[in-house]
Protein chains: 2
Amino acid sequence: MLSRVRSAVAHLVSSGGTPPPRPKSPDLTNATSALPTAPLEVPKSPSARAGSGSTAPPKTAEARASFSRPTFLQLSPGGLRRADDHAGRAVQSPPDTGRRLPWSTGYAEVINAGKSRHNEDQACCEVVYVEGRRSVSGVPREPSRGQGLCFYYWGLFDGHAGGGAAEMASRLLHCHIREQLKDLVEILQDPSPPPLCLPSTPGDPGSSDPSHLVGPQSCWSSQKEVTHESLVVGAIENAFHVMDEQMAQERRGHQVEGGCCALVVVYLLGKVYVANAGDSRAIIVRNGEIIPMSREFTPETERQRLQLLGFLKPELLGGEFTHLEFPRRVQPKELGQRMLYRDQTMTGWAYKKIELEDLRFPLVCGEGKKARVMATIGVTRGLGDHNLKVCSSTLPIKPFLSCFPEVRVYDLTQYEHCPDDVLVLGTDGLWDVTSDCEVAATVDRVLSGYEPNDPNRYTALAQALVLGARGAPRDRGWRLPNNKLGSGDDISVFIIPLGGPGSYS
Amino acid sequence: MLSRVRSAVAHLVSSGGTPPPRPKSPDLTNATSALPTAPLEVPKSPSARAGSGSTAPPKTAEARASFSRPTFLQLSPGGLRRADDHAGRAVQSPPDTGRRLPWSTGYAEVINAGKSRHNEDQACCEVVYVEGRRSVSGVPREPSRGQGLCFYYWGLFDGHAGGGAAEMASRLLHCHIREQLKDLVEILQDPSPPPLCLPSTPGDPGSSDPSHLVGPQSCWSSQKEVTHESLVVGAIENAFHVMDEQMAQERRGHQVEGGCCALVVVYLLGKVYVANAGDSRAIIVRNGEIIPMSREFTPETERQRLQLLGFLKPELLGGEFTHLEFPRRVQPKELGQRMLYRDQTMTGWAYKKIELEDLRFPLVCGEGKKARVMATIGVTRGLGDHNLKVCSSTLPIKPFLSCFPEVRVYDLTQYEHCPDDVLVLGTDGLWDVTSDCEVAATVDRVLSGYEPNDPNRYTALAQALVLGARGAPRDRGWRLPNNKLGSGDDISVFIIPLGGPGSYS
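Below is a summary of the structure that appears in this document.

The rules behind the values
- For every chain, the first residue of its written sequence is number 1, and the numbers climb from 1 along that sequence.
- As they are written, the chains are lettered A onward and the ligands numbered 1 onward, keeping that order.
- In keeping with the model being predicted, local features are shown solely for residues with a pLDDT of at least 70 and side-chain atom pairs are shown and tallied solely at 80 or more, while totals for entire chains, interfaces and linings include all residues.
- Side-chain descriptors were evaluated using all non-hydrogen atoms of the structure, hydrogens and water having been removed beforehand.
- Strands were regarded as paired on the criterion that DSSP finds at least two bridges between them.
- Elements are defined by DSSP. Helices are runs of H or I of four residues or more, strands are runs of E of two residues or more, and each kind is numbered from the N terminus.
- Lines are fitted to the C-alpha atoms to define the axes, a helix being fitted only along its stretch in contact, and any angle between axes, read from their N-to-C directions, falls within 0 to 180 degrees.
- Any two residues whose heavy atoms approach within 4.5 Å are treated as being in contact.
- Only Phe, Tyr and Trp rings are paired, with Trp represented by its six-membered ring, and only when their centres lie within 6.5 Å; those with planes under 30 degrees apart are stacked, over 60 edge-to-face, the remainder tilted.
- For every residue, the accessible area (1.4 Å probe, protein chains only) is compared with the maximum for its type, and the residue is labelled buried under 20%, exposed over 50%, or partly exposed between those bounds.
- Distance and angle both matter: a charge sits over a ring if NZ of Lys or CZ of Arg is within 6 Å of the ring centre and within 35 degrees of the ring normal.
- By definition here, a salt bridge exists when the distance from a side-chain nitrogen of Lys or Arg to a carboxyl oxygen of Asp or Glu is within 4 Å.
- When two parts are put together, the accessible area they lose, computed with a 1.4 Å probe and summed over both, is reported as buried area.
- Polar contacts, as counted here, are pairs of nitrogen or oxygen atoms within 3.5 Å of one another; within protein the pair requires one atom able to donate a hydrogen and one able to accept it, and residues that are adjacent in sequence qualify only if both atoms are side-chain atoms.
- We call Asp, Glu, Lys and Arg charged. Ala, Val, Leu, Ile, Met, Phe, Trp, Tyr, Cys and Pro are nonpolar, and the rest, Gly among them, are polar.
- By definition in this entry, angles of less than 35 degrees are roughly parallel, angles greater than 145 are roughly antiparallel, angles of 65 to 115 are roughly perpendicular, and the rest are oblique.
- Crossings are sorted by hand: turned counterclockwise from the far helix by less than a right angle, the near helix makes the crossing left-handed, and turned clockwise it makes it right-handed.

This part takes up the sheet that holds strand β17 (residues 422-426) of chain B. Residue and element names in this part refer to chain B. A sheet is described by the order of its strands in space; here 5 strands give the open sequence β1-β20-β17-β7-β8, paired in antiparallel fashion. Each edge of the open sheet carries a strand with a single partner, namely β1 (106-110) and β8 (289-292). For this sheet, the mean angle separating the axes of adjacent strands, direction not counted, is 20 degrees. Relative to strand β20 (residues 491-497), β17 is paired through 5 bridges, and the arrangement is antiparallel. The residue bridging Val-422 from the neighbouring strand is Pro-497, located in β20. With respect to the sheet, helix α9 (residues 436-447) is in contact with β7 (281-286), β8 and β17, its orientation differing from that of β7 by roughly 50 degrees.

Shown next as structure tokens:
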């Protein structure tokens, strides 16, 4: 099944293939998409794929199903085997002899200690060229416009229940972002506020009447001003949605295995957009200070959203779950007694008399890394999981999961960054055993050991972070210097220097 | 109608009267309550009402309907008329000759400049004694237990569409908090973690078997530890709910006018609980530093919650509204064009093709103080509003409003406070024209002019803040020294010194 998914993906990536599904309406729970209207293209500019790419096109279904890593690692068959070795857990980085990653990016990864057959993290680092749709606004294009836009892109995808969704996202999500940005190429390059209204069909000659372009001062006096920045945020949000819809679509014909958390960074026109759906994390370390650039979406952090949904749509609980939370599973002998609970409206706890339906399993249970939705999944946002069912049941879990990221924006131009200021992206394998402060200390320790223009410094930092989270084999386990257990999970780290592309390389 | 409500309220407050409705289940949208099971009592300790009380029992229906202010203002009939004068807008405070407010609290208020006939803000400041229910846990009470608990209580209620809800809340919400705390009196005074499970009937002799009291170490190994603090939070949350249910109940027989925002502070066992439902605000000013203790709940801050509800329950939109947001009302001639929009999942904006249903009025529209739900109401949390309908329609708005507060906790024992450290509570009349920083500056300026033990300093500060927000009559309006318009709204301010009750008086 996996191979079929990947065939479909390869077909898409090779351009002119199956177009992506595009949702008819911005409808989260409606998985039925309208037919696609525009083909998805690979970047046309040769520079657009410089030094990047995610996964090499696999040669056979068997090879593909076995294992794949980001192409920028340039792994030989032997290297691929070493990267797949749970016993050795060798840290992988792009070779320092080959073509470097864009923006002097550092990267390192390591496979898990045996929790899944393969490394289910995937990564992507691209420079993407966006060619605008011709005359989007209906106004004839001025010669200085329509030059297209480039964005830098980094993505970390932490798969679960199979590697299919993470691999598909690593190959395609940036293409969906490009697709969403196509309508905005002219608008983002025009300093005036975005038009509220555009003609129906891009490039439609009949719509070149300027009256179609409703400017912000026309019509009602009360209207919101929408910023360029919020258009980019909207484009990224919708790209996540379209990506998720595509996985649902592919699922019908073939099968997209599992789901994935997605942490994505887009650099466009001076601003860094950090979009997170899941439990990966991004922080900026700037002059030693830590600036959180994401938050995690888990059954604990999203408890009230999940409970509200179960309360408003009890049919989603299938008579098997209760939307109420209890400190532990209620036992039949406790019927009629009063037990602590909380519902979707509460952050505190109170006592309620236990009734028969409280004996159902709680929608949200457990704490920390053991917290689960419907006793099954420990993250509440991400891509895929369309086939995920409650264990020994046909009850779908997907309605409780959101594919939408939270997007935070950081204006690169508002601060003069030094070579040691970095944006650190990591999957939960890093953060489970490493605090923000420990990461900041490692940033300081490692980068101060390299010249500011040493091209290896950011990869060395990524490696140090991955090694520090993995630990060393000792006492039948992977242990940190303090003898605590290291992370047995897949660990992947990007280091993005904030000084800009190539400034220090 | 108002008089009937107030009769019912007076009846209740006089003890032994109509008991409050108690919801059968923690069900936000189900306004149908089970029959009450326990009578609501006034505090039994004589000290419990010292220096406080909200509104004096009105003598006639006419007098009650005309105007009422908190009893702690001790207004004479002439004073009441002056307080009701929109032209003079005299600042009202408790007299410095009478009984002072508990906890050396400062208070000041002023009526609006004519936007409503009467001052629709109400206030309450009480010391409330909670007598525990006998042997809640079923375990025979130890002699040292069961002494009851005292809490200090402050409430600001900003009414809209009539003063009934604000007045009812100012008379009763603290009684509901006391009621919720009754079961917790023993538990909160016991340093061990709260029991997860209690016997069914408090004081039931048959339940004194200790096996009914399921301790945190029994049963499953995986269970959450619930703190004493979170029990108090839960009690406050549920008290808001019961208060709102009672307003719904009273509405059936009589009528509770309008709705109100509620900002409530409870001091209990060393901690300050700040509960906010609406657009009032609380900040701590400590050593010049500002610590926000609440956030506002408006159509803008709660846009996504409202849109999600409209999306999941489209019947609540009655075919009249769309859950999508547009920067301005869509016009029929724009059908087929593409306009900026955002839905419940987005923080950014994108373009969508305008369809027929997008011509409906948006569920959320406008900006800042002009933001509205269903073109009607500018706050999204509070008490009451059970009869609120969309203008020229029968569509109810209440399902979109939440009665639940956000509760923030501040541990008074974690910091040694000086006499100039204060908690400032204000209705939006204050905050519409005064920033947090300006309030902090006024705190510094006013308090430094008084001896630390001067009993008038906190009332003087409250008066200065109210005066500073009201301004002076000039150029046919109320204007601030910078010539900007002052607040034409009702303005009410509590100043709570953080040094503790009576420390500096």
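The next subject is the packing of aromatic side chains. Overall, the coordinates contain 20 aromatic pairs over all chains when judged by the stated rule. Taking 6.1 Å as the distance between ring centres and 80 degrees as the angle between the ring planes, the aromatic pair formed by Phe-321 of chain B and Phe-361 of chain B counts as edge-to-face. With Phe-321 of chain B in strand β9 (residues 321-322) and Phe-361 of chain B in strand β12 (residues 361-362), the pair connects residues that are 40 residues apart, well separated along the chain. On the accessibility criterion, Phe-321 of chain B (4% relative accessible area) is buried. Counting every residue linked through ring pairs, the aromatic cluster contains Trp-103, Tyr-152, Trp-154 and Tyr-267 of chain A. It is Arg-89 of chain B that lies over the ring of Trp-478 of chain B; its NZ or CZ is 5.0 Å from the centre.

To continue, consider the pattern of salt bridges. Inspection of every chain in the model, using the stated rule, returns 50 salt bridges over all chains. Residues Lys-224 of chain A and Glu-325 of chain B are paired through a salt bridge, measuring 2.6 Å at the closest nitrogen-oxygen approach. Taken together, the residues Lys-224 of chain A in the loop between β4 (197-198) and α6 (228-253) and Glu-325 of chain B in the loop between β9 and β10 (338-341) connect one chain to another. Pair check on accessibility: Lys-224 of chain A and Glu-325 of chain B agree, each one buried. Of the charged contacts in the structure, one is a salt bridge between Arg-305 of chain A and Glu-302 of chain A, with a shortest N-O distance of 3.0 Å. Residue Arg-305 of chain A is classed as partly exposed on the basis of its relative accessible area of 23%. On the basis of relative accessible area, Glu-302 of chain A is assigned to the buried category, the value being 5%.

Regular strands have side chains that alternate between both faces of the sheet. All names here are of chain B. Counting buried residues along strand β6 (residues 271-277), 6 of its 7 residues qualify, which places the element largely inside the surrounding structure. With 7 bridges connecting them, strand β5 (residues 259-268) and β6 associate as antiparallel partners. Bridge pairing in β6 places Tyr-267 opposite Val-272. For β6 and strand β16 (residues 406-411), the ladder comprises 6 bridges, and the chain directions are antiparallel. If you follow Val-274 over to β16, its bridge partner there is Arg-408.

For the rest of this paragraph, the subject is the interface of chain A and chain B. Accessible area lost upon the coming together of the parts serves often as the stated size of an interface. The partner chain B presents 64 residues to the 64 residues of chain A that form the contact. Taking both partners together, chain A and chain B bury about 5800 Å²; carbon and sulfur atoms supply 59% of that area. Viewed at the interface, chain B and chain A are joined by 4 salt bridges. With a closest N to O distance of 2.9 Å, Asp-183 of chain B and Arg-338 of chain A form a salt bridge. In this assembly, chain A and chain B are joined by 24 residue pairs in polar contact (both at pLDDT 80 or more). Put simply, the parts of the chain that give the side of chain A that touches chain B at least two residues each are β4, α6, α7 (303-312), β10 (338-341) and β11 (350-353) of chain A. With 7 residues, α6 of chain A is the largest single contributor of residues to the side of chain A that touches chain B. Here the residues of the side of chain A that touches chain B sort into 33 nonpolar, 16 polar and 15 charged.

This part is about the packing of helix α9 (residues 436-447) of chain A against helix α10 (residues 457-470) of chain A. Geometry of a packed helix pair, given as the angle between the helix axes and the separation of the axes. All names here are of chain A. Close contact between α9 and α10 brings their axes to 10 Å; oriented N to C, the two are set at 135 degrees. Judged by the angle between their axes, α9 and α10 are oblique. Judged by the sense of rotation from one axis to the other, the crossing of α9 with α10 is right-handed. Contact residues: α9 offers Val-439, Thr-442, Val-443, Val-446 and Leu-447, while α10 offers Arg-457, Tyr-458, Ala-460, Leu-461, Ala-464 and Leu-465. Looking at the contact of α9 with α10 residue by residue, the classes come out as 9 nonpolar, 1 polar and 1 charged.

A word on the side chain of Asp-428 of chain A. Residue and element names in this part refer to chain A. Position of Asp-428 among the secondary structure elements: in helix α8 (residues 428-431). When its relative accessible area of 7% is taken as the criterion, Asp-428 is described as buried. With near-sequence residues (within four places) excluded, Asp-428 lies in contact with Asp-158, Asp-279, Ser-280, Lys-369 and Asp-489.

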